[in-house]
Amino acid sequence: MKRVLLTVYHYWLARRAGRGGRWRNPAALAQWQERRIRRHIEKLRKLSPFYRSLWAGIPSEEWRRFPIIDKAAMMDHFDTLNTVGISKSQAFDVAYEAENSRHFKPTLNGVTVGLSSGTSGNRGIFLVSPSEQAAWTGAVLGKLLPGGLWKRARIAFFLRANSNLYESVQRGRLEFRYFDLLEPVGKLVERLESYRPDIWIAPPSMLRLLAEEHQAGRLGIQPRTLISVAEVLDPLDKTYIEQCFQLTLQQAYQCTEGFLGSTCQHGMLHLNEDIVHIEKEYLDPQSRRFVPIITDFSRTAQPIIRYRLGDILTEAAAPCPCGSPLTAIERIEGRCDDILYLPHTETGQLVTLFPDFATRAVMAASAHIHHYRVIQHSPLDMEISFSLAEGSRAETEGLIAGQLEQLCGRLHCILPKLSFTEYEFTPGLVKLRRVERRWIL
């Protein structure tokens, strides 16, 4: 009963924060965050040996001076960082067993254990206590559930792996069903037709595949709400999915490190700053691109304090019409690992090419490009895979090359050797990365 009440409480808080009615302006939000963070840090000094040592000699009110950590540091110090007495070896054993058996009920001492997808090549472990799970459930329902907590809804959740965390969304009049991305698409379509869910939550690569099945007449049902998760939402996929289902596609910015963002009623993605504090480490202030540094002021089992993510976010140029003081995000562009680099024409020094530049160049080449991927194998070797809805492939290759040549001219860098291949990708264990760098900087 206590967990149910906690879920309802955090649902109410999330709904209130989503309407922007909890704080008058960003300054009021910042003051509220500051109080929460300082109290949380004092608590963690007592509970986490790792943080107690890391923060030695730095007062809590100067927490912005605390050293920044990342996934590698968290995994290296996992045993002394978490506060629930779970070792890394124990957690890995339980989580891997769940993934291999496809029976996703892994807990240790009542704590939910899971693995990250490892987009960057390093898989991480996450721990969530029962009270944190209840709070997460309330926040997710409050920010993403269109009809409110009491309206009946069937939810279809498409993910690489299920979790007790995700299944906790099932409450009262809400019915949840997990759809394994490893299942053949024909089987998934069959299950969807039988279940007839109102809300579909899936990576955009899977939503795109379902949209194509719908267009082909093999999937007849229509969702009430579509929510994109787990992968970068590419403009090409967003347009196709929305046109197919005649719905505005929502986003949930959820990762191992927490529930970090969600869309408002205007379709704008906002950071969940009622749950986490996010510092902006700007990569390019002029274009508003930054890497988020996260401080979660409520998570205790596996504390997240000044944790640098590898994601690239673009801050919105203007305030959102919804009036929320929560930071508006124009786009999640990709990962820092996916920033491309090309040699300067004169100095040979590497020039930064953000993923969005490559995306825009390919999309500008032809309106008939159905799918694409840009993979940089070395500074002077780039592979472009694509498929066409119609038109000449040879002509489109020339148009893509022309757009990339213009881009390189503007950036004063050398156009790499381009190779063109057929597009291939099947949703499953591997996340779709439309732009990807496969060489180490």
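Located above this text is the structure these notes cover.
Residues numbered from 1 in each chain as written. Predicted model: local features only at pLDDT ≥ 70, side-chain atom pairs only at ≥ 80, totals over all residues. Heavy atoms only, no water.

This paragraph deals with the overall build of the chain. Helix and strand counts for the chain come out as 13 helices and 21 strands. Here the chain holds 441 residues, and the buried ones make up 56% of them. By element, 51% of the accessible surface of the chain is carried by carbon and sulfur atoms, the whole surface being about 19,500 Å². (Helix = DSSP H or I, 4+ residues; strand = E, 2+ residues; numbered from the N terminus. Buried < 20%, exposed > 50% of the residue type's maximum accessible area, 1.4 Å probe, protein only. Areas by Shrake-Rupley, 256 points an atom, 1.4 Å probe, with all protein chains shown as cover.)

Here R434 is to be found in the loop between strand 20 (417–422) and strand 21 (435–437). Judged by its relative accessible area of 7%, R434 is buried. When the C-alpha atoms of R434 and H371 are compared, they prove to be 8.9 Å apart, with 63 residues separating the residues in sequence. Look past the residues within four positions of R434 in its chain and what remains in contact with it is R208, D234, D237, H371, Y372, R373, V374 and Y423. (Contact = heavy atoms within 4.5 Å.)

Take the pattern of salt bridges next. Any two side chains of opposite charge can pair if their charged atoms end up close together. Following the criterion strictly, the structure yields 30 salt bridges and no others. With its nearest N and O atoms 3.2 Å apart, the salt bridge here joins K143 to D274. Here K143 is found in helix 7 (residues 130–144), whereas its partner D274 is found in the loop between strand 10 (269–271) and strand 11 (276–284), with 131 residues between them in sequence. There is no split in this pair, since K143 and D274 are both buried. Where R177 meets E175, a salt bridge forms, and the shortest distance between an N and an O atom there is 3.3 Å. Relative accessible area serves as the criterion here: at 31%, R177 is assigned to the partly exposed category. Overall, the relative accessible area of 29% leaves E175 in the partly exposed class. (Salt bridge = Lys/Arg side-chain N within 4 Å of Asp/Glu carboxyl O.)

A separate point is the packing of helix 12 (residues 355–365) against helix 13 (residues 393–411). At a closest axis distance of 8 Å, the pairing of helix 12 and helix 13 adopts a crossing angle of 140°. The angle between helix 12 and helix 13 falls in the class oblique. The chirality of how helix 12 crosses helix 13 is right-handed. The residues of helix 13 that touch helix 12, namely those facing F357, A361, V362, A364 and A365, are L399, I400, Q403, L404, L407 and L411. Of the residues contributing to the contact of helix 12 with helix 13, the split by class is 10 nonpolar, one polar and no charged. (Axes fitted to C-alpha atoms, helices over the stretch in contact; angles between N-to-C directions. Parallel < 35°, antiparallel > 145°, perpendicular 65-115°, else oblique. Left-handed = near helix turned anticlockwise from the far one by under 90°. Nonpolar A, V, L, I, M, F, W, Y, C, P; charged D, E, K, R; others polar.)

Moving on: the nonpolar core. The biggest cluster of nonpolar side chains holds 68 residues, and the ones touching the most others in it are I69, I125 and F259. The greatest single-element share of this core, amounting to six residues, is contributed by helix 2 (residues 26–47). For I125, the residues in contact, after removing those within four places along its chain, are M75, F78, K88, A91, F92, V113, G114, L115, T256 and Q302. Core analysis: the second largest hydrophobic core is formed by 23 residues, F158, W200, L210 and L249 among them. (Core = buried A, V, L, I, M, F, W, Y, C linked by side-chain atoms within 4.5 Å.)

Where burial is concerned, most of strand 2 (residues 111–115) is hidden: five out of the five residues are buried. Going residue by residue along strand 2, you find V111, V113 and L115 tucked away on one face and T112 and G114 tucked away on the opposite face as well. In this structure, strand 1 (residues 107–108) lies alongside strand 2, joined through two bridges in antiparallel fashion. Residue pairing for strand 2: L108 is matched across the bridge by V111. Hairpin connection of strand 1 to strand 2: two residues between the antiparallel strands, including N109 at a positive phi of 55°. With four bridges connecting them, strand 2 and strand 3 (residues 125–128) associate as antiparallel partners. What sits directly across from L115, in strand 3, is I125. (Pairing = 2+ DSSP bridges.)

With that out of the way, let us pick up the sheet that holds strand 19 (residues 381–388). Pairing within the open sheet is mixed, and its four strands lie in the order 20-19-18-21. The strands lining the two open edges of the sheet, one partner per strand, are strand 20 and strand 21. Within the sheet, the average angular offset between the axes of one strand and its neighbour, ignoring direction, is 20°. Of the strand pairs in this sheet, strand 18 (residues 369–378) and strand 19 are connected by eight bridges, and their pairing is antiparallel.

Relative to the helices and strands, T327 is located in the loop between strand 14 (311–315) and strand 15 (328–335). Relative accessible area serves as the criterion here: at 12%, T327 is assigned to the buried category. Leave out the neighbours within four places in its chain, and T327 touches L269, H270, L271, E273, K280 and E315.

Each pair of packed helices gets described by two things: the angle between the helix axes and the distance between those axes. Between helix 9 (residues 185–195) and helix 10 (residues 204–215), the shortest axis-to-axis distance is 11 Å and the interhelical angle comes to 75°. In terms of their interaxial angle, helix 9 and helix 10 are classed as roughly perpendicular. Contacts from V185, L188, V189 and L192 in helix 9 reach M206, L209, L210 and E213 in helix 10. Of the residues contributing to the contact of helix 9 with helix 10, the split by class is seven nonpolar, no polar and one charged.

Turning to the sheet that holds strand 2, a few remarks are in order. Spatial ordering of the open sheet is given by 1-2-3, a layout of three strands whose pairing is antiparallel. For this open sheet the edge positions go to strand 1 and strand 3, each flanked by a neighbour on one side alone.

Treat this as a map of the structure, not an account of what it does.
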